[in-house]
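# Understanding the architecture of this molecule
Next come the chains, spelled out residue by residue.
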Amino acid sequence: MATPLRLAALLLVLVAAFASAARADLVVSRADRKVDLTSHIVRVLTSLKVENAGSEPVSKVLLAFPNIQAKNLAAIRAFGTEGKVKGLSSVLPIEVVEPSGVPPELTFFSASLHKPLQKGKILHLDVLTVFTHFLQPFPEEITQADSQLVVFQDSSHYLSPYPVKVQTLSIRLPGGRVESYTKYGNTKLVDSELKYGPYEDVPPFSYNPIIVHFENNNPFAVAKELIREIEISHWGNVQITEHYNIVHGGARLKGEFSRLDYQSRPYARGVSSFRHLIARLPARAHSIYYRDEIGNISTSHLWSDSKKTQLEIEPRFPLFGGWQTTFTIGYGLPLQDFVFSADGKRFLNITFGSPMEEILIEKLIVKVVLPEGSKDIDVSAPFPTNQWQEVVPHWTIDN
Amino acid sequence: MAEPVANAAAPAPAPGRLRNAFGGVLCAFTLILIGVLAFSIRLFSVIKYESVIHEFDPYFNFRVTQFLSKNGIYEFWNWFDDRTWYPLGRVIGGTVYPGLTLTAGSIWWFVNALNIPLSVETVCVFTAPIFSAIASWATYLLTKEAKGTGAGLMAAAILAMVPSYISRSVAGSYDNEAVAIFALVFTFYLYVKTLNTGSLFYATLNALSYFYMVCSWGGYTFIINLIPMHVLLCIVTGRYSSRLYIAYAPLVILGTLLAALVPVVGFNAVLTSEHFASFLVFIILHVVAFVYYIKGLLTPRLFKMAMTLVITVGLAVCFAVVAILVALVASSPTKGWSGRSLSLLDPTYASKYIPIIASVSEHQPPTWPSYFMDINVLAFLVPAGIISCFLPLSDASSFMVLYLVTAVYFSGVMVRLMLVLAPAACILSGIALSSAFDVLTRSMKFQLSKLFDDGPAISGNGSPNGSSASTVNTSSSKNEKTEKSEAAPKEKQSKKNRRKDKEVTESVSVKPKKEKRLSVLPLEASIVSTLLLIALGGFYVVHCVWAAAEAYSAPSIVLTSRSREGLHVFDDFREAYAWLSHNTDVDDKVASWWDYGYQTTAMANRTVIVDNNTWNNTHIATVGTAMSSPEKAAWEIFDSLDVKYVLVVFGGLVGYPSDDINKFLWMVRIGGGEFPHIKEPDYLRDGQYRVDAQATPTMLNCLMYKLCYYRFVETDGKGFDRVRGYEIGKKHFKLTHFEEVFTTHHWMVRIYKLKPQKNRIRGKLKKLKSQSSKTSSTLAAGRKKNPWQ
């Protein structure tokens, strides 16, 4: 806990020094942040109303994050609309930038506007950020009977290189016990929602640390590695095989695991564990299997309708903090749903991600196995990836 | 008799050849169908459960195959496995019968070379069904050598679905026996084939097939004792021939040399008593051959003189040699026999001296119902088959009878050897059914043709009748010839052999001709008995399918039970192994009773102390002692073995009968055999193992009891054990040296961790403190008392 405080102090000092470095011509007239802490993946939606108070048109808006947050940043999206009222918003491209004269403890992203913001105009900017490993379990080791407490650290002020006129912060907690939270003026805890603000006229780079210590027993499912194999067969099938290596990323279990306690009072003894995961597979998925290296796992359920196929899988044993398991799920998809042809070429349009709900993937490897003789292979992914190609012996029977 | 046959065979030799060709195609087609049947009847386990390796030993074989396919053959021979028998380890390459592993490994390699990416597991699962199909073809060949094609097909069909063999070769039952039965039958086929043809080619093949058998299974000793017995039988009954010599002598020389190449056998091939019979018969055979040779050279009078001389000298030498051998053999403690072989010769031996052999359920003598279960109606058909073998007695059929008789004896000693009996029973039943059908259909044909002859003969056409009458003699002789050629082996032979065979077959085929004329049954009787036999066969098929589907397809690592709500799956073993493999350190040692050793190394990939390869009795006894000791003593034993986790199998909650409490008597017995402070009577109440209120205190305080029943009482408040059917004796207790780390969903596997040793200095301080506080408190009390007094 000492680090963020020190960092905050440092930042406060830095504020004075670098305030001039920030572009003073943009002003955030309103910033509303909504932080969702209901699962172990932290989603922050920041709604900004940016005004160009300077004289020059501005084409870029800078977004700042402390390095410790940027390290855990999994995704960032920005949607912008210009004008008084919110209209149809469009996705803005985002890139990492290193402006000169800014503190090294901060990481900057810049959202490029489609057309420069003219003087006096207002831009509505919605920034959605997703963080992983943000909630730290505290205490780090708990017994089977304890529920899991986690710590969330952030600033009650929106960290921005621009001055902020009015801002609020609301934090949605999963319900349950709240051990403690940093109280400033204007702090309210209603039901499971914690509100900070409104704060007015906050200078740039203002950092006001808050710590929320609360109960979160939602599954902390972390896939240490996920290997997805997408195999295209021209017999009309796209076969997907996913190898998971899952760990419970929350507070580690200490001491005994008693099946008796777990079975007789599952909600009191074992509340921090999770026993099933839900995968939403595409519609018309078929031949679904669920197994691990020693055979079929019989604990799974499947529902399907015309829009989706929902697969509920139970690992062989309930996962407590620090416990691991591996499994494989596989399913076939109809070829025509994912492969289409145009200009004499064939395109595969398929998602990178895992169909599992609320799962965090640390390392993802996607293998696409193309039919024999495929050439002119071209990949377009929405984010930078490492790519490599291998030629592997093909199946005799298939393809 | 001659007339109707003549009518049928009258139209020239060409249709006869066509009929033969058609018969050959039909026969091949039937064999293919039999192979498909043998393969598919073994797939119930895959359909009802899943494609998974079964039971205990197959997991070891699977693990070895995985190693082989990953590291290659040379690494395999040199493989020292440090994940088992900790801290001793095990030299896998030198202590395993490599036949099965190499077979499956080659299949895997071959299939992958064809770019069919099957996993090693899939290949292992389906090896047994594939080999049972091949085994049924081998049975066809063997029976054909003895009694012709019809009997061969019948025997192959019966073997394809005999429950005894199914029990060891369902898909997933990846054990040595799966390929060994094929090797056994094929070796016998080549022996009989050599005996019938006298071809050195087949004799060499026979030695190679024997080599494959030696690679595959320890049961090869059955071959190397049965064949000498048959040779001896032939010599004694005066059936010595040069064919017998060719069939036997190369087998002993080549076979023994090849057997010695297998690392696990090595010099045992010439050193242990199991092989002595073959050498003895080898010598006898040479003596007899020499005698026959001399007999051919000398005049009868000279021969008699020489005979007496040789016999006196020879007997003296023999006695001397035998005396030396006996002295040598008697000097070794087990008389040169391995424990398992001894328990075969003396069924009570194991239960008296080697509890570890007696503790294995498949080493127990079978019960009568298990005969009915495993070979079903064959038990009734076999005597008929024996009779049929004696009509007429040939070298091949006498071999069948001998094989059956010895196999019946062995199966009576050990339920596991029922498997060796199965092919013999199938062959003889096939012979019985085939000859029964032969007699019945022939008499039906004869009676029917008599019926028809009465009709058409009167209104008969002139020309065919006349021609048939004129050709009766020739066609009947032709018919005889075709029969002869059918009876004689179709393979190419040297002219010499063919001549000899002709002599043999002629002498053979003349007799049945006479009998055929005699054995004509009434039409009704033959129809009824044919139908009855078909019904019997139908009953057998129904039983076999039932046995394959219900009795023998359970993989035993996953159990199911049907209840009103539907199928309930008990997958506790894999749950525990998966937990171990993902949530313990890779080098942690896990102690359990040896039954679960192979599975733990294969599925959980953790080092075990003992496993199903029970080669070191002391080590197993150590684990047994730990399990039957009180907690502290057990902790010390386990700690000295670096054990971190202890795994017990407990069926008391769901009623799974083969759990560790029921196996506990063997732990006590084996442990007590090595460590005398474990005394079996301490655990017995009125001669019974009990864990209820009447149990002995030693029993209620031993580690196994505590680990099984830890907090068990809290499940239902009474501690009712569903396997034993009573409430347990000691209900509330705490563990001091172990802590529960995992228990599976149905409590079938419970895993405990050894608590780390208490810090000694702190413990001392505590003691001191408690002592001092005690003294101070007593002092204080004394002080307090004083003022009042």
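In this convention, every chain numbers its residues from 1, walking through the sequence in written order. All chains are assigned letters beginning at A, and all ligands numbers beginning at 1, according to the order in which they are written. Predicted model: local features are reported for residues with pLDDT of at least 70 only, side-chain atom pairs are reported and counted for 80 or more only, and whole-chain, interface and lining totals are derived from all residues. No hydrogens and no water enter the side-chain calculation; it runs on all heavy atoms of the structure.

With an unreviewed UniProt entry as reference, chain A is termed Dolichyl-diphosphooligosaccharide--protein glycosyltransferase subunit 1, source organism Aegilops tauschii subsp. strangulata. UniProt positions are given in the numbering used here, feature names are shortened, and annotations may be inferred rather than shown by experiment. Per UniProt, chain A carries the Pathway (unreviewed entry) text "Protein modification; protein glycosylation." A UniProt comment under Sequence similarities (unreviewed entry) is attached to chain A, and it reads "Belongs to the OST1 family."

This paragraph deals with the overall build of chain A. Within chain A one finds four helices and 29 strands. Evaluated residue by residue, chain A yields a buried proportion of 48% over its 399 residues. Whether two residues touch is decided by their heavy atoms; if any such pair falls within 4.5 Å, the residues are in contact. A sequence separation of at least 24 residues applies to 75% of the contacts in chain A between residues at least 6 apart. Think of it this way: any DSSP run of H or I at least four residues long counts as a helix, any run of E at least two long counts as a strand, and we number them from the N terminus. Remark: exposure states derive from per-residue accessible area (1.4 Å probe, protein chains only) relative to the maximum for the residue type, with buried under 20%, exposed over 50%, and partly exposed in between.

With that out of the way, let us pick up the sheet that holds strand 23 (residues 300-304) of chain A. Sheet strands associate in pairs through backbone hydrogen bonding, adopting either a parallel or an antiparallel arrangement. Residue and element names in this part refer to chain A. Here three strands make up an open sheet; going across it, the order is 20-24-23 and the pairing antiparallel. Each of the sheet's edge strands pairs with one partner strand only, and the pair in question is strand 20 (277-282) and strand 23. The mean angle between the axes of side-by-side strands here comes to 20°, regardless of whether they run parallel or antiparallel. DSSP-based pairing: two strands are paired if at least 2 bridges between them are found. Two strands pair when backbone bridges link them, and strand 23 and strand 24 (residues 308-313) are joined in this way by five bridges, in the antiparallel orientation. Opposite S304, over in strand 24, you have T309 as the bridge partner. Each axis is a line fitted through C-alpha atoms, taken for helices only over the stretch in contact, and angles between the N-to-C directions span 0 to 180 degrees.

Any Lys or Arg side-chain nitrogen found within 4 Å of a carboxyl oxygen on Asp or Glu counts as a salt bridge. Scanning the entire structure with this criterion turns up 40 salt bridges over all chains. Measuring nitrogen to oxygen at the nearest pair gives 2.3 Å for the salt bridge that ties A:E357 to A:R280. Of this pair, A:E357 sits in the loop between strand 27 (345-348) and strand 28 (360-361) while A:R280 is found in strand 20, placing the two residues 77 residues apart along the sequence. When its relative accessible area of 39% is taken as the criterion, A:R280 is described as partly exposed. For B:E177, the salt bridge goes to B:R416, with nearest N and O atoms at 3.4 Å. Taken together, the residues B:E177 in helix 10 (residues 176-197) and B:R416 in the loop between helix 22 (395-413) and helix 23 (418-454) connect sequence positions 239 residues apart.

Another point: the confidence of the model for chain A. Residue and element names in this part refer to chain A. What pLDDT reports is the predictor's confidence in each residue, on a scale of 0 through 100. Of all residues in chain A, 90% have pLDDT values of 70 or greater, and the mean over the chain is 82. For chain A, the element scoring lowest by mean pLDDT is helix 1 (residues 2-18), at 43; strand 25 (residues 324-334) scores highest, at 92. Low pLDDT, under 50, characterises residues 395-399; the predicted model gives this stretch 15 contacts beyond four residues in sequence or across chains.

Within the patch definition used here, like charges are joined within 9 Å and nonpolar side chains (Val, Leu, Ile, Met, Phe, Trp, Tyr) within 5 Å, considering only residues with over 30% relative accessible area and no salt bridge. Working definition of accessibility: Shrake-Rupley area with a 1.4 Å probe, residue cover restricted to the visible protein chains. A grouping of B:L309, B:V310, B:V313, B:V317, B:V321, B:I324, B:L325 and B:L328 is seen on the molecular surface, where their side chains present a nonpolar patch of about 720 Å² in accessible area. Note that B:L325 resides in helix 16 (residues 300-331).

All names here are of chain A. Structurally, chain A comprises domain 1 (26-215) and domain 2 (221-369). By convention here, the domain bounds are inherited from an automatic or database domain assignment. A straight line from the C-alpha centre of domain 1 to that of domain 2 covers 31 Å. Taken residue by residue, the interface counts 17 residues in domain 1 and 23 residues in domain 2. Buried area is a sum: the accessible area each of two parts loses on coming together, probed at 1.4 Å, counted once for each and added. Summed over both partners, the interface of domain 1 with domain 2 buries about 1,600 Å², with 54% contributed by carbon and sulfur atoms. Summed over the three residues of domain 1 that lose the most area to domain 2, namely H40, E141 and Q144, the buried surface amounts to 40% of that side. Inspection of the domain 1/domain 2 interface yields one salt bridge. Of the charged contacts in the structure, one is a salt bridge between E358 and R43, with a shortest N-O distance of 3.4 Å. Two N or O atoms form a polar contact when they lie within 3.5 Å of each other; inside protein one atom must be a possible hydrogen donor and the other a possible acceptor, and for residues adjacent in sequence the pair counts only when both atoms belong to side chains. Joining domain 1 to domain 2, the criterion identifies nine residue pairs in polar contact (both at pLDDT 80 or more). For the side of domain 1 that touches domain 2, the per-class residue count stands at five nonpolar, eight polar and four charged. Charged means Asp, Glu, Lys or Arg here, nonpolar means Ala, Val, Leu, Ile, Met, Phe, Trp, Tyr, Cys or Pro, and polar covers whatever is left, Gly included.

We now examine the interface of chain A and chain B. It is common to give the size of an interface as the accessible area lost on bringing the parts into contact. With 27 residues of chain A in contact, the opposing surface of chain B contributes 29 residues. Buried surface at the junction of chain A and chain B, summed over both partners, amounts to about 2,500 Å²; 49% is from carbon and sulfur atoms. On the chain A side of the interface with chain B, the three residues burying the most area are A:R259, A:L260 and A:I294, jointly 26% of the side's total. Inspection of the region where chain A meets chain B yields four salt bridges. Across the pair B:D571 and A:R316 runs a salt bridge, and its minimum N-O distance is 3.0 Å. For the pair chain A and chain B, the number of links is 16 residue pairs in polar contact (both at pLDDT 80 or more). Taken together, the elements giving at least two residues each to the side of chain A that touches chain B come down to helix 3 (259-264), strand 21 (286-292), strand 22 (295-296) and strand 25 of chain A.

All names here are of chain B. Taking 1.5 Å as the rise per residue, helix 15 (residues 276-297) with 22 residues should run 32 Å; its terminal C-alpha atoms sit 32 Å apart, in good agreement. Turning to helix 15, its buried residues number three or more, namely S278, V281, F282, L285, V288, A289, V291 and I294. Its buried side turned inward, helix 15 meets helix 12 (220-236), helix 13 (242-259) and helix 16. Expected helix span is taken as 1.5 Å per residue step, with the number of steps being one fewer than the number of residues.

Residues and elements named next belong to chain B. In the contact formed by helix 7 (residues 120-147) and helix 22, the axes pass within 7 Å of each other and the chain directions differ by 125°. Taken together, the axes of helix 7 and helix 22 are oblique relative to one another. Residue-level inspection shows L142, E145 and A146 of helix 7 in contact with helix 22, the latter providing A396, S397 and M400. Its residues assigned to classes, the contact of helix 7 with helix 22 comprises four nonpolar, one polar and one charged. With respect to orientation, any angle under 35 degrees is reported as roughly parallel, any angle over 145 as roughly antiparallel, any angle of 65 to 115 as roughly perpendicular, and every other angle as oblique.

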